[in-house]
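Descriptive structure summary
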Amino acid sequence: MTIEKIVVSCVNMNIKHKNLIEKLDLLVCDDFHPNYVSILIITTILLITTTFFHLINIHNVDTLILITGIFIGIVLSLPLPLTYIRKIMLLFLIMLPIATITALLSCISPMIQFICILLWILFFVSCNLLGNSLKTLSFVGVLYYLYTFHIAFSNIDFNITLSSMLWYGLVTILIVIIEFMPYILYCLYKHDPVGRKILTSLFKNEDKFYKKLEILYKTHDTYTSNMIYVALLLKSNKKVCDYLYNQYKIRQLETLDKITQTLTSNIIEIINTPHRHVLDTKELKDLYATTTDMRIKNLIDRYIKAYDVFNNIQEGKYIHLDVEKSMKTTYRRDYLTLENNDIRYGIQFMITFILSRIIDVFFVTFHSTTITTSALFTTKNTLSYTVDKILMKIFGNIIGLVFAIVVSTIIIHYNQLYLLNILCVMCVLLLFGFIPNHSDKSGFLVMAILVFISKNQFVGLNRITYVVIGCMISLVIGYYIFPIHEKINMTQTVTKKIGHINNLLENILKTESIEGELHEIFIINSKIKTHLERLENTYHLESEVEDIREIHAMTNNLLEVIINLKLEIKNTQSNNLIKQVNENFKTCINSIDSNKTININEITVPMSNKTPLREYNLWIMEYASIIVDEINKSIENETFKKLNQNL
């Protein structure tokens, strides 16, 4: 099959109901503007670090400062809690000096470079299996190694010795410390303003709740994870409260809502103060005592549980949640197989890295890295995602080349060469602003900078040739080597998850093993997360993605309730419950498959005669009803349709 046929096949598969123009419009014509905070941060840390090294009379490290500063500046310009920033700094203190040393080693001979590349591939593949944040940070290490090698080999004028490698490794450590420390000291002085702001936003009625949740999850901090648990409990309780009020108009729910809003506001105030306080839940307990409606008592009890967890956190008593851990344990048992897309992607990355590096070395120059970086940037964990990245990469470089040629031709014609230097500085500053949010589309600025610096248009033509070669490498490998087509779209993925939760409930009620279903649900959760990150980052469908995250979260809440049910029910059978739950889940699944809304009033709440099951019956059916309600809204807004068109 020819390259042209591969491209046509991939584009047809990826676009689905859209034509190429609409696809490019989504990829390019979004909210495309620089991050001015990023420009300020990167420029500041570069100035501080450069000044420091010149004051202590250490020269020939400006390019190393520049590369390190760009990567660290990107990290610092993102809204990340202090705990996570410190972990990134620790990783950079280990990873970047090693990258510098291996880059210098690679300058000695192609064989040593090949060994270093294999080590970096092994590092990236291992991190890719461990999680998304480590995957991203390890990719930074790979890029840092390549860029440092290119600069070191291009400017090397000394014999590489053990002492020189260690010297530059130590310089890298010093650069990392200098560039990180001002921001970290500021955050310590202000008691982590970014972290507190994100955490308090979880308890407010703000947009992008689940996006902020993902940021906080990266901290792996016990206090933060417990606070997240409280926020999730309160959000799901609020959802149930609103649902019950809309359906049954019970006046006591208004009183409950006012009390809980006051308590939640108190939580926000407590988070923003350095002192620890506890909440007074007396009003809630009084309302519980005067209420006879089982549904409201059940909801109040859950609110009290959430506020009790918060009070325990304030007293230093943390809880440990083992549901996710048990699913991971089950998942790891057959993790290292070709059925796992992370393994397949790791193999693709390895082959892409080696092949592109060979082409760079033998067909360009030994120190060239353009083909390699282009191939690695566009190699993604699904074929359709790879095609998207290739389109953005090539399209951005073409725009940059045309712009640079037109502008430089005019300036050179009028012999105003100083304007090229001014434009180059402006493009560098804009590049600092575009990299954090639009790294895939910032190729046009890189192209413009190269042309303006060299004052030679043929440099741009050569670069775009290498970029296209790198993109074709990633495309061919993505198509032929363990291709990850990922045919399951968002509709099918959500449907499948609901079906597995239904099976899990049946297994619990029949006292059968649930490990198989937990295994499948964990895999589906990973797929949903991957899909949503791609849709949000590539097409900026924030509103639609947040709708699906809401459904995803409610299904996880239902999963937690069902697992807790396992602790309460041993050999008890409840055929009525099984029958009703099956019917409700089938209604959910059919509504997604058919893209038709359903009447939520048809969802009934079975009441078991057995007291231990009564609360769980209510809980399960409430969540099932809310899931149906959220699905209805998503169908009416064509959320599934919009997302599936781009998967």
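Residues numbered from 1 in each chain as written. Predicted model: local features only at pLDDT ≥ 70, side-chain atom pairs only at ≥ 80, totals over all residues. Heavy atoms only, no water.

A word on the confidence of the model for the protein chain. Per-residue pLDDT for the protein chain averages 78, and the proportion of residues at 70 or more is 80%. Taking the mean pLDDT of every element in the protein chain, the minimum, 40, falls on helix α1 (residues 3-15) and the maximum, 93, on helix α5 (residues 82-106). Contacts of residues 1-19 to residues separated by more than four positions or lying in other chains number 38 contacts, the stretch itself having pLDDT below 50. (pLDDT = per-residue confidence, 0-100. Helix = DSSP H or I, 4+ residues; strand = E, 2+ residues; numbered from the N terminus. Contact = heavy atoms within 4.5 Å.)

Turning to helix α9 (residues 193-201), its buried residues number three or more, namely Gly195, Ile198, Leu199, Thr200 and Ser201. In this structure, the buried residues of α9 make contact with α10 (209-217), α11 (222-248) and α12 (251-271). (Buried < 20%, exposed > 50% of the residue type's maximum accessible area, 1.4 Å probe, protein only.)

Looking now at a nonpolar patch on the surface. On the surface, Met111, Phe114, Ile115, Leu118 and Leu119 cluster together into a nonpolar patch covering about 480 Å² of accessible area. Tracing the chain through its elements places Met111 in helix α6 (residues 110-130). (Patch = residues over 30% accessible without salt bridge, like charges linked within 9 Å, V, L, I, M, F, W, Y side chains within 5 Å. Areas by Shrake-Rupley, 256 points an atom, 1.4 Å probe, with all protein chains shown as cover. Salt bridge = Lys/Arg side-chain N within 4 Å of Asp/Glu carboxyl O.)

It is a probe the size of a water molecule, rolled over the atoms, that shows where empty space is left. Here the second largest pocket is characterised by a volume of approximately 960 Å³. Considering the residues around the second largest pocket, the lining is formed by 34 residues, among which Lys204, Asn205, Lys235, Lys238 and Asp242 are closest to the centre. Listing elements by their share of the lining of the second largest pocket, those giving two or more residues are α10, α11, α12, α24 (542-568) and α26 (611-636). Element by element, the count of residues in the lining of the second largest pocket is highest for α11, at nine residues. Grouping the constituent residues of the lining of the second largest pocket by class yields 10 nonpolar, eight polar and 16 charged. (1 Å grid on protein atoms, 1.4 Å probe; cavity = no way out; pocket = protein on both sides within 12 Å on 5 of 7 lines; lining within 4 Å. Points joined across faces, edges and corners; volume = space filled by probe spheres on them. Nonpolar A, V, L, I, M, F, W, Y, C, P; charged D, E, K, R; others polar.)

What follows concerns the side chain of Gln113. Within the secondary structure, Gln113 sits in helix α6. With near-sequence residues (within four places) excluded, Gln113 lies in contact with Ser106, Tyr145, Phe149, Arg357, Val361 and Phe366.

Time to look at unusual backbone geometry. Excluding glycine, most residues fall at negative phi; most peptide bonds, likewise, are trans. The phi torsion at Asn57 lies on the positive side, around 65 degrees, for a residue other than glycine. Owing to a relative accessible area of 57%, Asn57 belongs among the exposed residues under this scheme. The backbone phi angle of Asn415 is positive, close to 60 degrees, even though this residue is not glycine. Within the secondary structure, Asn415 sits in the loop between α18 (383-413) and α19 (418-438). Among the residues examined, Asn415 registers a relative accessible area of 59% and is labelled exposed.

Think of it this way: side chains of opposite charge can pair up when their charged atoms draw near. Inspection of the entire model under this criterion finds eight salt bridges. One salt bridge connects Asp242 with Lys238, and the closest N-O pair in it is separated by 3.4 Å. On the criterion of helical spacing, the pair formed by Asp242 and Lys238 is a turn pair, its members being four residues apart in helix α11. Among the ionic pairs, Asp257 bridges to Lys238, the shortest N-O distance being 2.8 Å. Here Asp257 is found in helix α12, whereas its partner Lys238 is found in helix α11, with 19 residues between them in sequence. A residue is classified by how much of its surface remains accessible, and Lys238, at 28% relative accessible area, is partly exposed. Look at the salt bridges and you will find they share partners, linking Lys235, Lys239 and Glu550 into a network.

This part is about the environment of Leu559. Mapped onto the elements of the fold, Leu559 is located in helix α24. The sequence separation of Leu559 and Ile501 amounts to 58 residues, and the corresponding C-alpha distance is 6.5 Å.

The subject of this paragraph is the packing of aromatic side chains. Overall, the coordinates contain 16 aromatic pairs when judged by the stated rule. Arranged with centres 5.6 Å apart and planes meeting at 80 degrees, the rings of Phe139 and Phe377 form a pair that is edge-to-face. Highlighted residues: Phe139 in helix α7 (residues 132-155) and Phe377 in helix α17 (residues 370-378), separated in sequence by 238 residues. The side chain of Lys235 reaches across the aromatic face of Phe209, ending 4.7 Å from its centre. Against the face of Tyr288 rests Lys297, its NZ or CZ located 3.9 Å from the ring centre. (Phe/Tyr/Trp six-rings, centres within 6.5 Å; stacked < 30°, edge-to-face > 60°. Lys NZ or Arg CZ within 6 Å of the ring centre and 35° of its normal.)

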